[in-house]
Amino acid sequence: MNHEISRHSSTWAPSDGGEGNQDYNEDMEEGARPNRGQAEQEAEGSSIPVPRQAAHDDDAPADPGHMPDNANNNTKRRRSMLVGSGLAFTCPCCGSGGRSERTGGRLYDRYLASALSQDAMASYEKSIEPMKRRLFGGLAGSPNEELTIVELGVGAAPNARYYCDARRGKGDCIVAVDKNQELLNSAASEFDSRGVEKLELLEADVADTGLPSAFADAVVGTLLLCSVRSQDQVLREIRRILKPGGKYYFVEHVAAPSGTPLRTAQDLLSPLQRVVAGGCNLNRNTEVSIAAAFEDGDVTSYRYDVLPGEILFDNGFSLKSEGDGLGLLAPHISGEATAGRCVLTRCPAEAKV
């Protein structure tokens, strides 16, 4: 199926309507953050399970991990695994979003399109799959129809498999945004293969999409905020295009704790990473920026390290992973942020979530 790529316009509108003002069930545990010691909260029914010591989530693979005997053992295990893999080459697996800093032209676009292809990203997706599957569970399983979902920095659409298959036939409108035409074409093929009927391709910077205000029920952005010139500007744009009560789903690699060997390596190699990976920064404290942007709403965020064979949370809970770990990119956050409620007398249509 051929799709026309639209470019930034202050009057952009979807060619086929698709406002999608329907609610979807999202029963993520409110306020649950494993990295803040709330491991005992009840996780039943959550799209991202809150870690519990007594049992593992039913959706997790068999033998999903273990709890270390004590915090010291957990810290030593994390440190040894990160140091062992942390100096791996800085993989150009991010930067598919705004890439506001890149100036390499069409040749560089082709390089990034190759680096961000489905095949090139397979190792990363294999490592992060357990968390993405949980993150997108609520969106994928919603019984509601005709949602408007905007994916910023869509790349080759590696996230499509986590929510599009389950939503086949529900009439959603997906707006895929990227500055790279070749990636947009790859994304179109991926979305088409998963039965997406209403797809809009928008070539635009994620900090200035030109989309209408209060437009989206959900915004998806993964490996996005590491590569943009201004996180605050992009997050303001996300807030602008979200309907009140709409949700922003994120997965980002972040800075390791200050003073650790991995953080030192990130600080030293981040300039190289920006060159080879579309402006990607290794050492950003992205969770702080997201929390500030959604201070009038609600943020549920999980911090963990993506290690060889497992995903390890700060409190010691772990999930088995089939990946080889992410080296310098091991520290990650993922979660969802809900836009604050409209406080004006005349409000736009709300996203009922």
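Residues numbered from 1 in each chain as written. Predicted model: local features only at pLDDT ≥ 70, side-chain atom pairs only at ≥ 80, totals over all residues. Heavy atoms only, no water.

Caption draft 1: Main features of the overall build of the protein. When its secondary structure is counted, the protein shows nine helices and nine strands. Per-residue burial over the protein gives 57% buried out of 353 residues. In the protein, once contacts between residues fewer than 6 apart in sequence are set aside, the share between residues at least 24 apart is 80%. Only carbon and sulfur atoms are counted for the fraction: they give 47% of the accessible area of the protein, which is about 14,500 Å². (Helix = DSSP H or I, 4+ residues; strand = E, 2+ residues; numbered from the N terminus. Buried < 20%, exposed > 50% of the residue type's maximum accessible area, 1.4 Å probe, protein only. Contact = heavy atoms within 4.5 Å. Areas by Shrake-Rupley, 256 points an atom, 1.4 Å probe, with all protein chains shown as cover.)

Caption draft 2: Structural detail: the packing of aromatic side chains. In total, this model carries seven aromatic pairs according to the counting rule given. Measuring from centroid to centroid gives 5.9 Å for Tyr 248 and Phe 294, while their planes differ by 15°, and the two rings are stacked. With Tyr 248 in strand S6 (residues 242-253) and Phe 294 in the loop between helix H9 (286-293) and strand S7 (298-313), this pair connects stretches of sequence that are 46 residues apart. On the accessibility criterion, Tyr 248 (0% relative accessible area) is buried. Their ring planes at 55° and their centres at 5.6 Å tell us that Tyr 304 and Phe 313 sit as a pair that is tilted. Residue Tyr 304 shares its accessibility class with Phe 313, and that shared class is buried. Cluster of aromatic residues (ring-pair linked, three or more members): Phe 136, Tyr 162, Tyr 163 and Tyr 249. (Phe/Tyr/Trp six-rings, centres within 6.5 Å; stacked < 30°, edge-to-face > 60°.)

Caption draft 3: Summary view of the sheet that holds S6. Taken in spatial order, the nine strands make up an open sheet running S1-S4-S3-S2-S5-S6-S9-S7-S8, and their pairing is mixed. One side of each edge strand has no neighbouring strand; the edge strands of this open sheet are strand S1 (5-7) and strand S8 (318-324). The mean inter-strand angle of the sheet, taken between neighbouring strand axes irrespective of direction, is 25°. Here S7 pairs with S8 via four bridges, running antiparallel. Bridge pairing in S8 places Ile 311 opposite Leu 319. Helix H6 (residues 181-193) contacts S1, strand S2 (148-152), strand S3 (173-178) and strand S4 (198-203) of the sheet and is inclined by roughly 170° relative to S4. In the packing of helix H7 (residues 231-241) onto the sheet, the strands contacted are S2, strand S5 (216-222) and S6, and the crossing angle to S6 comes to about 145°. (Pairing = 2+ DSSP bridges. Axes fitted to C-alpha atoms, helices over the stretch in contact; angles between N-to-C directions.)

Caption draft 4: Seen up close, the nonpolar core. In terms of nonpolar packing, the biggest core is built from 51 residues, with Leu 139, Tyr 163, Ile 174, Phe 191, Leu 199, Tyr 304 and Phe 313 touching the most fellow members. Sequence-distant contacts of Tyr 304, defined by excluding residues within four places in its chain, comprise Ile 128, Met 131, Val 251, Ile 311, Leu 312, Phe 313, Ala 330, Pro 331, His 332, Ile 333 and Ser 334. Within the second largest apolar cluster, 30 residues are counted, among which are Val 177, Leu 202, Phe 215 and Val 234. (Core = buried A, V, L, I, M, F, W, Y, C linked by side-chain atoms within 4.5 Å.)

Caption draft 5: Representation of the pairing of S4 within the structure. Most of S4 sits inside the fold, with five of its six residues counted as buried. Sheet topology note: the S1/S4 ladder contains three bridges and is parallel. Pairing of Ser 6 across the sheet is with Leu 202, part of S4. As defined by bridge partners, S3 adjoins S4 across six bridges and the pair is classed as parallel. The residue of S4 that forms the bridge with Ala 176 is Leu 201. Following the backbone out of S3, through H6 and into the adjacent parallel S4, one traces a crossover that is right-handed. (Right-handed = clockwise from strand over helix to strand, strands pointing away.)

Caption draft 6: Representation of the pattern of salt bridges. One pass over the full model with this rule turns up 14 salt bridges. A salt bridge links Arg 106 to Asp 109, with the nearest nitrogen and oxygen atoms 3.4 Å apart. Of the two residues, Arg 106 and Asp 109 both sit in helix H2 (residues 105-115), three residues apart, roughly one turn of that helix. By relative accessible area, which is 39% here, Arg 106 ends up partly exposed. Where Arg 133 meets Glu 129, a salt bridge forms, and the shortest distance between an N and an O atom there is 2.8 Å. Of this pair, Arg 133 and Glu 129 both sit in helix H3 (residues 122-135), four residues apart, roughly one helical turn. On the basis of relative accessible area, Arg 133 is assigned to the partly exposed category, the value being 31%. Within this structure, Asp 165, Glu 190 and Arg 194 form a network of salt bridges that share partners. (Salt bridge = Lys/Arg side-chain N within 4 Å of Asp/Glu carboxyl O.)

Caption draft 7: Fine view of the environment of Ser 186. Its location among the elements puts Ser 186 in helix H6. Sequence separation between Ser 186 and Gly 155 is 31 residues, and the spatial gap between their C-alpha atoms is 7.8 Å.

Caption draft 8: Quick look at the pairing of S7. A large share of S7 lies buried, amounting to 13 of its 16 residues. Relative to strand S9 (residues 331-338), S7 runs antiparallel, the two being bridged by eight bridges. The partner of Val 299 across the bridge, within S9, is Ala 337. Two successive antiparallel strands, S7 and S8, enclose a turn made up of four residues, where Gly 316 displays a positive phi of approximately 100°.

Caption draft 9: Layout of the confidence of the model for the protein. Averaged over the protein, the pLDDT score is 78; the fraction of residues at 70 or greater is 69%. The least confident element of the protein is helix H1 (residues 71-85), whose mean pLDDT is 48; the most confident is S2, at 98. Note on residues 16-71: pLDDT under 50 across the span, and 150 contacts to partners over four residues away in sequence or across chains. Within the model, the stretch residues 342-347 combines pLDDT values under 50 with four contacts to residues more than four positions away or in other chains. (pLDDT = per-residue confidence, 0-100.)

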